[in-house]
Amino acid sequence: MQRVPLLMLGFVALFIGAGAGLARLAWPMPAVAAGAAALHGPLMVCGFFGVVIALERAVALARWWAYLGPFAAGLGTVLALAGAPQLAAAGLYVLGGLVLLAASLDVFRRQRALFTFTLVLGALAWVLGAGLWAAGWPVHRVVPWWMAFLVLTIAGERLELSRFMPPSPAATRVFAALLALIVLSLPLAHTAWGILVFAAGLLALALWLVKQDIARRTVRAKGLTRFVAVCLLSGYFWLALGASVMLGAQGLHPGSAAYDAALHAIMLGFVFAMVFGHAPIIFPAVLRVPVPYHAWFYGPLALLHGSLLVRLAGDVSGNFALTRLGGALNALALLAFILSTVTAVLMGTPALPKASKT
């Protein structure tokens, strides 16, 4: 069970990263979280998602060296929290990303397909983003790269499952064009027009996913299959909304209400909706423990969406108290998700509902 310690390193980054985010909203936090306020973004993206995604890829690839990816990323979190120089922690995040990139390239070598190529590009975005952060770039300049890492990884995995309802050749060409648009805009995302092209690509990708994803059909099913579909479709809403906010605000301007709204709509609303939906499928594969579906899974999902609405209402109205409350509810939604998942594992059921086509 060497996977458990690696996953725990990811959850350390999640808990402290979430606490750091609350500290940025002026909530009183333990010293370890308050002291990591400036690391909120790196901890959430590289420390948590980097570890989880690299671990999932290592399990799928079944190669010992692939586990060096989540280990390096987890060690980067340890160094960051210990107060090591940014270059040391960021360097380990880069190393973790490079191992994930190598694993993704190995998968692409075995299966030449658009979805495996998309996973390669997602891993590359993590590496380059972490590299820029190691070079001293401020986090807000690195955000588009890390956003691309998560969005492209999710899009690639959803494209893989589209084999159950294959997109037409024309739709596949559109996906490839959007992929090129997003990737080619990243080196210029620090410019006024580059970030707008990037945002337009994300918006178009969200619409493509809504149109092409099998979730549009499976949402009429029952049990886990329907829950996953609801998570997916609601996540695409937040991706589209976040990209639209970026377009309306003419980019990502750190410290602005639009920055907070766009960033959390995508990185929290979109990405964590995907996590909520896929946890009952991914955790059994990674940890070899069943996560039986229960209707109460909708509770954390509803809290996630409701908390984001409160937060964005505060951003739009300029009411910091609402934004602050929304942030606290965001963290509560993540905690509720973890508790509901652990409870499902401990309770157990005779059989795990099938969700192979979600």
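Residue positions within a chain follow its written sequence, with the count starting from 1. Whole-chain, interface and lining totals are the exception, using all residues; otherwise, since this is a predicted model, local features are given only for residues with pLDDT of at least 70 and side-chain atom pairs are given and counted only at 80 or more. Computation of side-chain values: all heavy atoms of the structure, hydrogens and water removed.

**Details of the nonpolar core**
Only buried residues count toward a nonpolar core. Its members are Ala, Val, Leu, Ile, Met, Phe, Trp, Tyr and Cys residues joined through side-chain atoms within 4.5 Å. Note on classification: 1.4 Å probe, protein chains only; a residue is buried when its accessible area is under 20% of the maximum for its type, exposed when over 50%, partly exposed between these limits. With 116 residues, the main nonpolar core has Met-147, Phe-198, Leu-202, Met-246, Ile-266, Phe-270 and Phe-272 as its most contacted residues. Among the elements that line this core, the one with the most residues is helix 12 (residues 257–287), at 17 residues. For the purposes of this entry, the term helix denotes a DSSP run of H or I that reaches at least four residues, the term strand denotes a run of E that reaches at least two, and both are numbered from the N terminus.

**Details of helix 6 (residues 114–134)**
Across its 21 residues, helix 6 extends 30 Å between first and last C-alpha, which sits within 8% of the 30 Å expected from 1.5 Å per residue. Counting buried residues in helix 6 gives 16 out of 21 residues, a clear majority hidden from the surface. In the stretch just after helix 6, Gly-136 is the one whose phi turns positive, near 105 degrees. Helix span, as expected, comes to 1.5 Å for every residue beyond the first.

**A word on the confidence of the model for the protein chain**
When the pLDDT values of the protein chain are averaged, the result is 92; 96% of them are 70 or greater. On a range of 0 to 100, pLDDT expresses the predictor's confidence in each residue. By definition in these notes, contact holds between two residues if any of their heavy atoms fall within 4.5 Å. Contacts for the low-pLDDT stretch residues 350–357, under 50 throughout, to residues beyond four places or in other chains number 15 contacts.

**A word on the packing of aromatic side chains**
Within 6.5 Å between ring centres, the rings of Phe, Tyr and Trp (the latter by its six-membered ring) count as paired, and their orientation is classed by plane angle as stacked under 30 degrees, edge-to-face over 60, tilted in between. Inspection of the entire model under this criterion finds 18 aromatic pairs. With a centroid separation of 6.0 Å and an interplanar angle of 45 degrees, the aromatic rings of Phe-227 and Tyr-293 are classed as tilted. Of the two residues, Phe-227 is situated in helix 11 (residues 223–248) and Tyr-293 in the loop between helix 12 and helix 13 (298–317); the sequence distance between them amounts to 66 residues. Residue class for Phe-227 comes out buried when judged on its relative accessible area of 1%. Assessed through its relative accessible area of 18%, Tyr-293 is described here as buried. Pairing Tyr-236 with Phe-270 gives two aromatic rings, centres 6.4 Å apart and planes at 35 degrees, and the pair type is tilted. With Tyr-236 in helix 11 and Phe-270 in helix 12, the pair connects residues that are 34 residues apart, well separated along the chain. Assessed through its relative accessible area of 0%, Phe-270 is described here as buried.

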